[in-house]
Amino acid sequence: MAQESFWIMRPFNGVYLAAFAFFILLLALAGLLLRGRSEALRRRVLAGACLVTLAGFFVYKYFLSRDGDFSVLTSAMGGFNWWGELPLQLCNINMILIPVAVLRKSRPLMSFGFFLGPLGALMALIMPSTGFEGYSLLLPRMLGYYGTHFTIFIEGLALAVFGLYRPRFRDLPKTVLCAVGITFVIFWFNMLLRHTGLHPKANYFFAVETEGNPLLSLFYGWIPVTGLYLIPCIGILAVYMGLVTSGFFLAGKLGRKRKAAAS
């Protein structure tokens, strides 16, 4: 019992911070090992890492399907349903999109993965879903949830760390349109699952229900219309991307000045 209590995972407790530090160090080490290597190798390594994460995702979901406690905890949303556990949430869809993006050298998709992958994963890590907070990290569902989200978080950042993508201001409109388009498709996929009865509570991207998320509940109070309550997220996304891109722009400008001064 004492050992289990030691491994209890909650946002920002000791176990959580240690796991976060481990994955950041893992990203830094990978960046160092790949420094000076060919771009093709860096692309293959990142694509391969995402595909390994995707395979691990389905192993995690298998164990989740066998977890009776999880089905009880999530009974209000229909319990475990494979149609509701596909890799189509804002964060884990990047396990599919990032390999496509880097192998096809698609800037809009790389931009989506760089901005939305870490953001979606971080939201899931800070505000865990029902059944994933206050339990031992040694539980298969906890290992799967946190392992998947921490890995997606660093894989999105790896686009920049591996030198495959550097955000530019002209990328932002296309990234917003890409995000809106993907959300639109996901919304109607939710409605299809609900209409056919395959998953009456399908809610990928939280596009149909807020599920008690405090920020989305606030937005729903402003715009009490299914799907449309996500509109304020576009403004938040634009500001977030603008700030991050500004940081890269200033860092690049400073680097060029230093290089000019040194020469």
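Note that the coordinates shown come from a computational prediction; the quantities given were computed from them, not determined experimentally.

(A) Representation of the overall build of the protein in the model. When you go through the protein residue by residue, the secondary structure sums to ten helices and two strands. Going residue by residue from the N terminus, the α and β elements of the protein occur as α-β-α-α-α-α-α-β-α-α-α-α. Its C-alpha radius of gyration of 19 Å places the protein within 12% of the 18 Å reference for a compact globule of 263 residues. Overall size of the protein, expressed as C-alpha extent along the three principal axes, is 65 × 45 × 30 Å. Looking at the protein as a whole, 43% of its 263 residues qualify as buried. Of the contacts formed within the protein by residues at least 6 apart in sequence, a portion of 67% connects residues at least 24 apart. Put simply, the protein shows about 13900 Å² of open surface, and 70% of that area lies on carbon and sulfur atoms.

(B) Examining unusual backbone geometry more closely. The phi dihedral of Phe12 falls on the positive side, at around 75 degrees, and the residue is not glycine. Examined against the element boundaries, Phe12 turns out to sit in the loop between β1 (8-9) and α2 (14-34). The phi dihedral of Lys105 is positive, around 55 degrees, even though this residue is not glycine. Along the polypeptide, Lys105 turns up in the loop between α5 (94-104) and α6 (107-126).

(C) Broad picture of the packing of aromatic side chains. Evaluation of the coordinates by the stated rule reveals 26 aromatic pairs. Ring centres of Phe115 and Tyr240 lie 5.9 Å apart, and the angle between their planes is 80 degrees; this geometry places the pair in the edge-to-face category. Here Tyr240 lies in helix α10 (residues 231-262) and Phe115 lies in helix α6, a separation of 125 residues in the sequence. Residue classification places Tyr240 among the partly exposed residues on the basis of a relative accessible area of 24%. Ring-pair connections join several aromatic residues into one group, and the members of that group are Phe12, Tyr16, Phe20, Phe22, Phe23, Phe70, Phe132, Tyr145, Tyr146, Phe150 and Phe153. Taking NZ or CZ as reference, Arg141 lies 4.5 Å from the ring centre of Tyr135, over its face.

(D) Just the pattern of salt bridges, in detail. Following the criterion strictly, the structure yields five salt bridges and no others. Note that Lys61 and Glu85 form a salt bridge whose closest N and O atoms lie 2.5 Å from each other. Pair noted here: Lys61 is in helix α3 (residues 39-65) and Glu85 is in the loop between α4 (68-73) and α5, with a separation of 24 residues, a long-range link. Among the residues examined, Lys61 registers a relative accessible area of 7% and is labelled buried. Taking relative accessible area as the criterion, Glu85 reaches 13% and is therefore assigned buried. Taking the shortest distance from any N to any O, the salt bridge between Asp171 and Arg107 comes out at 2.5 Å. Linking Asp171 in the loop between α7 (140-161) and α8 (172-196) with Arg107 in helix α6, this pair joins segments that are 64 residues apart in sequence. The exposure class of Asp171 is buried, given its relative accessible area of 7%.

(E) Focus on the side chain of Asn92. As for its position among the elements, Asn92 is in the loop between α4 and α5. Polar contacts involving the side chain of Asn92 include one to the main-chain amide nitrogen of Leu88, which spans 3.0 Å.

(F) Geometry of the nonpolar core. The biggest cluster of nonpolar side chains holds 67 residues, and the ones touching the most others in it are Met9, Leu46, Tyr146 and Phe150. Every residue in contact with Phe150, bar those within four places of it in the chain, is listed here: Met9, Tyr16, Ala19, Phe20, Phe23 and Leu125.

(G) Geometry of α8. Under the 1.5 Å per step criterion, the end-to-end length of α8 is 36 Å for 25 residues, consistent within 8% with the ideal 36 Å. Among all positions of α8, only Leu172, Thr175, Val176, Cys178, Ala179, Ile182, Ile186, Phe187, Asn190 and Leu193 are buried. Taken together, the buried residues of α8 touch α5, α6 and α10. Where α8 terminates, the next one or two residues include Gly197, which has phi positive at roughly 80 degrees.

Cut-offs applied
- For every chain, the first residue of its written sequence is number 1, and the numbers climb from 1 along that sequence.
- At least 70 in pLDDT is required for a residue's local features to be given in this predicted model, at least 80 for side-chain atom pairs to be given and counted, and no such filter applies to totals for whole chains, interfaces and linings, which use all residues.
- Here the side-chain values reflect all heavy atoms present in the structure, with hydrogen atoms and water set aside.
- Every helix listed is a DSSP run of H or I at least four residues long, and every strand listed is a run of E at least two residues long, numbered separately from the N terminus.
- The quantity called the radius of gyration is restricted to C-alpha atoms. Its globule counterpart is 2.2 Å times the number of residues to the power 0.38.
- Partly exposed describes any residue whose relative accessible area lies between the buried limit of under 20% and the exposed limit of over 50%, with all areas from a 1.4 Å probe on protein chains only and scaled to the type maximum.
- We call two residues in contact when some of their heavy atoms are within 4.5 Å.
- Using the Shrake-Rupley algorithm and a 1.4 Å probe, accessible areas are obtained, with residue cover drawn only from the displayed protein chains.
- Pairing of aromatic rings covers Phe, Tyr and Trp, the last through its six-membered ring, and needs centres within 6.5 Å; plane angles under 30 degrees mean stacked, over 60 mean edge-to-face, and all others mean tilted.
- Our definition puts a charge over a ring when NZ of Lys or CZ of Arg is within 6 Å of the ring centre and also within 35 degrees of the ring normal.
- Counted as salt bridges are all cases of a side-chain nitrogen of Lys or Arg within 4 Å of a carboxyl oxygen of Asp or Glu.
- Distance and chemistry together define a polar contact, namely a pair of N or O atoms within 3.5 Å, with one atom able to donate a hydrogen and the other to accept it when in protein, and with adjacent residues in sequence counting only for side-chain atoms on both sides.
- What makes a nonpolar core is a set of buried Ala, Val, Leu, Ile, Met, Phe, Trp, Tyr and Cys residues whose side-chain atoms join them at distances within 4.5 Å.
- In a helix, the anticipated span is given by 1.5 Å times the number of residues less one.

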